[in-house]
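One-letter residues, chain by chain:
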Amino acid sequence: MKTKLTRQLESTLYQYCLEQGSYVVEEVSMPDKKGIVDTLSYQQLPDGQIEWRCYELKVTKADFHSKAKLSFIGHYNYFVLPQALYTEVADEIPEHIGVLIYRAFDKRAVALATEPLRAPGFLTVAKKAQHQALQVDETALTSHFVASLFREVDKAKRVKKGLQLYSDDQLYKELKKRGQAGYDIYDPDHNLYDRFVDELQHDAVTALQTELDARNAEYQALQLKYQALLAPNLEDRL
């Protein structure tokens, strides 16, 4: 599971890459079993060349020393670190690897902002990365990049459609499973199934009452109209 700080670094880096004019996606598996890079950016330069940048996000010293493979296969490669961690591990970072330092926005500044901030903090370059030749086949890397972009689009579409993606049978089974888990016969208000049934019944009664009120209003209007039509005839008889 990602920590809150990791998510803050990730969202800030995403915005940083967008501002640099790059396309960006997180958690991209590398060709040739080169691991999974935390963030990969793709940028087309004015001369038509493609520039690939790899970013590895670390928030603790233990995380920095993890045995997980570092996928620094891009033209430029960076660690993204909080300032305190960079101070601890600066001497361990290879010469050709760059460093971006994350700093959170001051809470008072956030409160005074006239527009919603796109990220929780900002990045500064503590150490520039040195250019290197791409370490994997570019065609294969592009395919992996596109596949990861599709994954994110698919996730976004699933979130937008929500429960529409699930069949009635799947929803029923999930509701039944949750209803049976820890059922409290002495306090039914805390049980998911009972709450669900109560809300359905309440909604049904409300819908019927609304329809009845509408029909009564329609009946009253017709009655008044009928009385208005009869009124002239009664005056003639009198």
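The numbers attached to residues start from 1 for each chain and follow its sequence in the written order. pLDDT decides what is reported in this predicted model: residues at 70 or higher carry local features, side-chain atom pairs at 80 or more are listed and counted, and totals for whole chains, interfaces and linings draw on all residues regardless. Each side-chain value is worked out from all heavy atoms of the structure, with water and hydrogens disregarded.

A few points about the overall build of the protein
(1) Moving on: Numbering of helices and strands starts at the N terminus; helices are DSSP runs of H or I of at least 4 residues and strands are runs of E of at least 2. For the protein, the helix and strand inventory stands at 7 helices and 6 strands.
(2) Moving on: For the protein, the sequential pattern of α-helices and β-strands runs α-β-β-β-α-β-α-β-α-β-α-α-α.
(3) Moving on: Buried residues are those whose accessible area, probed at 1.4 Å on protein chains only, stays under 20% of the maximum for their type, while exposed residues exceed 50% and partly exposed ones sit between those limits. The burial tally for the protein puts 28% of its 238 residues in the buried class.
(4) Moving on: What makes two residues a contact is simply this: any of their non-hydrogen atoms within 4.5 Å. Considering only contacts within the protein whose residues lie at least 6 apart along the sequence, 50% involve residues at least 24 apart.
(5) Moving on: Only the protein chains shown count as cover for residues, and all accessible areas are computed by the Shrake-Rupley method using a 1.4 Å probe. Approximately 17,100 Å² of the protein is accessible, and the part contributed by carbon and sulfur atoms is 55%.

Digging into the packing of aromatic side chains
(1) Moving on: Stacked, edge-to-face and tilted labels apply to pairs of Phe, Tyr and Trp rings (six-membered ring for Trp) whose centres lie within 6.5 Å, assigned for plane angles under 30 degrees, over 60, and everything in between, in that order. Scanning all chains against the criterion turns up 8 aromatic pairs.
(2) Moving on: On the basis of an interplanar angle of 40 degrees and a centroid distance of 6.0 Å, the ring pair of Tyr 23 and Tyr 42 is categorised as tilted. Separated by 19 residues along the polypeptide, Tyr 23 in strand 1 (residues 23-29) and Tyr 42 in strand 2 (residues 36-44) bring together distant segments of the chain.
(3) Moving on: Residue Tyr 23 is classed as exposed on the basis of its relative accessible area, which comes to 55%.
(4) Moving on: Ring geometry for Phe 72 against Phe 79: centres 5.1 Å apart, planes inclined by 90 degrees, an arrangement best described as edge-to-face.

Comments concerning the pattern of salt bridges
(1) Moving on: By convention in these notes, a salt bridge is any Lys or Arg side-chain nitrogen within 4 Å of a carboxyl oxygen on Asp or Glu. In this structure the tally under the stated criterion is 6 salt bridges.
(2) Moving on: Linked through salt bridges whose partners overlap, the residues forming this network are Arg 151, Glu 152 and Lys 155.

Let's talk about the side chain of Glu 56
(1) Moving on: Its place among the elements puts Glu 56 in strand 3 (residues 50-57).
(2) Moving on: Salt bridges are absent for the buried Glu 56, whose nearest opposite-charge side chain, Lys 58, sits at 4.7 Å.
(3) Moving on: Here a polar contact is recorded for every N or O atom pair within 3.5 Å, except that within protein the pair must consist of a potential hydrogen donor and a potential acceptor, and residues adjacent in sequence are included only if both atoms are side-chain atoms. Within the structure, the side chain of Glu 56 is placed 3.1 Å from the backbone nitrogen of Ser 71, a separation counted as a polar contact.
(4) Moving on: Discounting chain neighbours no more than four positions away, the residues touching Glu 56 are Ile 36, Val 37, Asp 38, Lys 69, Leu 70, Ser 71, Phe 72, Tyr 78, Phe 79 and Val 80. The charge count treats Lys and Arg as positive and Asp and Glu as negative. His and the chain ends do not count.

Thoughts on unusual backbone geometry
(1) Moving on: One non-glycine residue, Asp 32, adopts positive backbone phi at about 60 degrees.
(2) Moving on: Note on placement: Asp 32 falls in the loop between strand 1 and strand 2.
(3) Moving on: The class of Asp 32 is exposed, set by a relative accessible area of 59%.
(4) Moving on: Despite not being glycine, Lys 33 has its phi angle at roughly 55 degrees, a positive value.
(5) Moving on: In this structure, Lys 33 sits in the loop between strand 1 and strand 2.

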